[in-house]
Protein chains: 2
Amino acid sequence: MARLAGVSQTTVSLVLGGKADGVAISVETRQKVLGAAERLGYVPDPAASRLAAARNNLLGVFSFTSTFPTDVQHSYYPFLVGVEQEAASQGFDLVLFTGSSTGGARAGAHALNRARLADGCLVLGRHAPTEELRRLVDDGFPVVHLGRRDDPDGLAWVGADYVNAAREVVTNLVALGHREIVLICEDDPVPASTDRERGFHEGLVAAGVPTGPERVHRCADPERDLTPARLREWLASGVTAIVVEETDTSGAWRALNAAVAEAGLDCPRELSLALLGSPPPDDDGPVPTGFDIPRARLGAAAVRALAALVGGGRPDEPLVECAFRPGATVAAPPGGIPAAVLR
Amino acid sequence: MARLAGVSQTTVSLVLGGKADGVAISVETRQKVLGAAERLGYVPDPAASRLAAARNNLLGVFSFTSTFPTDVQHSYYPFLVGVEQEAASQGFDLVLFTGSSTGGARAGAHALNRARLADGCLVLGRHAPTEELRRLVDDGFPVVHLGRRDDPDGLAWVGADYVNAAREVVTNLVALGHREIVLICEDDPVPASTDRERGFHEGLVAAGVPTGPERVHRCADPERDLTPARLREWLASGVTAIVVEETDTSGAWRALNAAVAEAGLDCPRELSLALLGSPPPDDDGPVPTGFDIPRARLGAAAVRALAALVGGGRPDEPLVECAFRPGATVAAPPGGIPAAVLR
DNA sequence: TTGTAGGCGTTATCAG
DNA sequence: CTGATAACGCCTACAA
């Protein structure tokens, strides 16, 4: 107790706590306290203060794959960049629950309960156990999921606005003169995928181009499905641009590029390619036209939402805009701009 | 208060605290407690349990540059991989203290103090404020620094064995027949650098090759310093191999490679190059002969040491071996193996 | 084997 | 503006 040391008592709390609230403290006492603290090397015990304040300024981060997988590629690193920054600026430290997935000792069904030791928690990854999350939320524990959710479970989330982003890409293609556009997506009906598809159709509709399910090529095995033959088929039927969904593995994008190369096609000239997301890091081709997912900003937004929840408020806008990325894989269609467009 | 919930009270502490000590608890009550805790999602408050002079199974991680810098290149990610795994297997969760460096709001002198919330803490980065660390250590708070330290401040650390690793590389060169070997290092006398230099000399001495400071080329500005002209100078004076220190930026290694290319030299044939560390990720040349820093293992070792400290024990061996990396940038010297070696 | 009491170092609430 | 006093939630004797 620095109180014993110097001359004051609870005042120490006010002085060191930096509470400029209602009360004002004489410069004199303030100095006395500060001096004593300095002399005795006194520092408030965070455990005690957090206990008393009933808040520990900790935000939990729950990822349902190792937070730091050996391969950076598969990590949430980009999100964490934003999470860390925003958490810092909001005065929170982060608790990483280890072994959330690694099947560690405490990886039982109730691993999520550990989250309660923080003021709130962020959940990353698709495989979050909905049941457990529900319990947390029902108990009034602040939780924010990083990634859009369809379930009407009241779970707060923050996600990228794939609908608008995809629409923007399509709008761009149409503006260049493309009319016959195909969407390739992997067969996994998660929001990230369905949102892109919706944006794709919306972009066409908004541009007055008829569309329908026949424009969507859903493939389970891109490697085998996207062959040079299929490409030529599309070209023959008038297709001038292909839009590809981005996924974890970028399977479709890779396969498509390989097929284009194998077919000896000249990418922007004979066929335009757009990628609804970022290219894989090892991609050495030209910058694909498409959009970037603002992962750091998503992380930051998630923390902001969580902080709001923790503070008793309501999070605001859950959607974060993606930035359109003009690339080098899209150009006007080969035949020039169709007459229909010019009229 | 799971106590109100179930039927017991303080027993909860015993059960959840996993204290198999003197007392034995009826399987029955144990189940009751565990059941209730589970049902209610009860988790002991870390602040409270720590305040009560116990432990909360939290390990703090303090990095003195942003833990997640925007550029993955500069991050502690590889260490964190090991830290997370080992922490998980030792039953600890991790607390990342944010804004350690970002100059955030709480970046004041007492930022480190937050560490006391955890059972112990890991410190990464060279710029750790020694003064503050001292206080923690003096107070008996378990701290482990990731990276070797010279200061005799009693601060526990875990680091890579650069001395042996560098020696091994040199030994390898000598075995191939090299005698005139030059070491290039940047001008920054941190342990990571001086250790490599020591290993370099030791390797030569052990092989019976005379050495001295004149073999070391210390350069502040590799770009300007490592010119094709200088290379030719070295070659003319009989140098057949160059050993380069690895640094954050890999400045020397890049500059050297550029100079070699510019001078039109054939790398392993006319001149052998070894790198005391890992090449930068964007390096597209042949795999450099040298050694890899076992970052994940270092992270794990640091956690192990910290866990030992927290448990009241003493950490063991602080040095972690680096793995020799046979590469494609070293070969026998051009003149063949000198007669002196063959005799 | 289980319940009771005291205290860890702060903050918060209220009187002085 | 400052000094008491009561929580905060948990752990550790100690008593029942």
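Residues numbered from 1 in each chain as written. Chains lettered and ligands numbered in written order. Predicted model: local features only at pLDDT ≥ 70, side-chain atom pairs only at ≥ 80, totals over all residues. Heavy atoms only, no water.

(A) Main features of the relation of the copies chain B and chain A. Under the fitted operation, chain B is carried onto chain A by 0.4 Å of movement along the axis and a turn of 179°, and the coordinates agree to an RMSD of 1.8 Å. Taken together, the rotation and translation relating the two chain copies correspond to the operation of a two-fold axis. Residue Ala47(B), judged by its C-alpha, is the member of chain B lying nearest the rotation axis, at 0.5 Å. A shared binding surface is used by both copies, with 91% of the interface residues of chain B retained as interface residues in chain A. (Least-squares fit on C-alpha atoms with pLDDT ≥ 70 in both. Contact = heavy atoms within 4.5 Å.)

(B) The arrangement of the environment of Ser49(B) in detail. Residues and elements named next belong to chain B. Within the secondary structure, Ser49 sits in helix α4 (residues 46-51). Placed 190 residues apart in sequence, Ser49 and Val239 show a C-alpha to C-alpha distance of 63 Å. In this view, Ser49 contacts Ala54, Arg55 and Asn56; residues no more than four positions away in its chain are not counted. Engagement of the side chain of Ser49 in a polar contact is seen with the backbone oxygen of Pro46, the distance being 3.3 Å. Within polar-contact distance, the side chain of Ser49 engages the backbone oxygen of Arg55 at 3.5 Å. (Helix = DSSP H or I, 4+ residues; strand = E, 2+ residues; numbered from the N terminus. Polar contact = N/O pair within 3.5 Å; in protein donor to acceptor, adjacent residues only side chain to side chain.)

(C) Looking closely at helix α7 (residues 162-176) of chain B. Helix length check: α7(B) (15 residues) gives 21 Å between terminal C-alpha atoms against 21 Å at 1.5 Å per residue, within 8%. Residues Tyr162(B), Val163(B), Ala165(B), Ala166(B), Val169(B), Val170(B), Leu173(B) and Val174(B) constitute the buried set of α7(B). (Expected span 1.5 Å × (residues − 1). Buried < 20%, exposed > 50% of the residue type's maximum accessible area, 1.4 Å probe, protein only.)

(D) Geometry of the nonpolar core. Membership of the largest hydrophobic core comes to 108 residues, with the highest contact counts inside it found for Val144(A), Leu122(B) and Val144(B). With residues near it in sequence (within four places) discarded, Val144(B) still touches Cys121(B), Leu122(B), Val123(B), Ala156(B), Trp157(B), Val158(B), Ala302(B), Ala305(B), Leu306(B) and Leu309(B). Core analysis: the second largest hydrophobic core is formed by 37 residues, Ala47(A), Leu112(A), Ala115(B) and Leu155(B) among them. (Core = buried A, V, L, I, M, F, W, Y, C linked by side-chain atoms within 4.5 Å.)

(E) Here's a closer look at the pairing of strand β2 (residues 93-96) of chain A. Of the two faces of β2(A), both are covered, the one formed by Asp93(A) and Val95(A) as well as the one formed by Leu94(A) and Leu96(A). Note: strand β1 (residues 58-63) of chain A against β2(A), four bridges, orientation parallel. Looking across to β2(A), one finds that Leu59(A) is bridged to Leu94(A). Two elements, β2(A) and strand β2 (residues 93-97) of chain B, share three bridges in a ladder whose sense is antiparallel. Within β2(B), the residue paired with Leu96(A) across the bridge is Leu94(B). (Pairing = 2+ DSSP bridges.)

(F) Highlighting the interface of chain B and chain A. Listed per partner, the contact involves 44 residues of chain B and 43 residues of chain A. Across the interface of chain B and chain A, roughly 3,800 Å² is buried in total on both sides, 61% from carbon and sulfur atoms. Of all residues in chain B, the largest losses of buried area upon contact with chain A belong to Phe68(B), Tyr77(B) and Glu84(B), amounting jointly to 19% of the total for that side. The interface formed by chain B and chain A holds two salt bridges in total. (Buried area = accessible area lost by both parts, 1.4 Å probe. Salt bridge = Lys/Arg side-chain N within 4 Å of Asp/Glu carboxyl O.)

(G) The side chain of Asp93(B), seen in detail. Inspection of the secondary structure puts Asp93(B) in strand β2. The exposure class assigned to Asp93(B) is buried, which follows from its relative accessible area of 0%. Here Thr98(A) takes part through its backbone nitrogen, which lies 3.0 Å from a polar atom of the side chain of Asp93(B).

(H) Looking closely at unusual backbone geometry. Its identity is not glycine, yet Ala54(A) carries a phi of approximately 60°, on the positive side. Assignment of secondary structure puts Ala54(A) in the loop between α4 (46-53) and β1. Judged by its relative accessible area of 66%, Ala54(A) falls in the exposed class. Backbone geometry places Asn57(B), a non-glycine residue, at a positive phi of 60°.

(I) Just the pattern of salt bridges, in detail. Applying the stated rule across the entire model yields 41 salt bridges over all chains. Its salt-bridge partner being Arg304(A), residue Glu86(A) comes within 3.4 Å of it at the nearest N-O pair. Here Glu86(A), found in helix α5 (residues 77-89), pairs with Arg304(A), found in helix α13 (residues 295-310); they are 218 residues apart in sequence, far enough to count as distant. The class of Glu86(A) is buried, set by a relative accessible area of 14%. Between Asp153(A) and Arg149(A) there is a salt bridge, with the nearest N and O atoms lying 3.4 Å from each other. Through salt bridges with shared partners, a single network forms among Arg50(A), Asp93(A) and Arg114(B).

(J) Geometry of the packing of aromatic side chains. Enumeration according to the criterion identifies eight aromatic pairs over all chains in this entry. Ring geometry for Phe62(B) and Phe64(B): centres 5.6 Å apart, planes at 15°, overall stacked. The same class applies to Phe62(B) as to Phe64(B), namely buried. Ring plane angle 40° and centroid distance 6.2 Å describe the contact between Tyr162(B) and Phe291(B), whose orientation is recorded as tilted. Of this pair, Tyr162(B) sits in helix α7 while Phe291(B) sits in strand β10 (residues 289-292); the two residues are 129 residues apart in sequence, bridging distant segments of the chain. Just as Tyr162(B) is buried, Phe291(B) falls in that class too. These aromatic residues form a ring-pair network of at least three members: Phe62(B), Phe64(B) and Phe97(B). Directly above the ring of Trp234(A) sits Arg230(A), whose terminal nitrogen or CZ lies 5.7 Å from the centroid. (Phe/Tyr/Trp six-rings, centres within 6.5 Å; stacked < 30°, edge-to-face > 60°. Lys NZ or Arg CZ within 6 Å of the ring centre and 35° of its normal.)

(K) Spatial organisation of the pairing of strand β6 (residues 181-186) of chain A. Residue and element names in this part refer to chain A. Summarising burial for β6: six of the six residues are buried, a large majority. In this structure, β6 lies alongside strand β7 (residues 216-219), joined through four bridges in parallel fashion. Bridge pairing in β7 links Ile184 to His217. The parallel pair β6 and β7 is bridged by helix α8 (residues 191-206), and the resulting crossover is right-handed. (Right-handed = clockwise from strand over helix to strand, strands pointing away.)

By themselves these figures say nothing about function.
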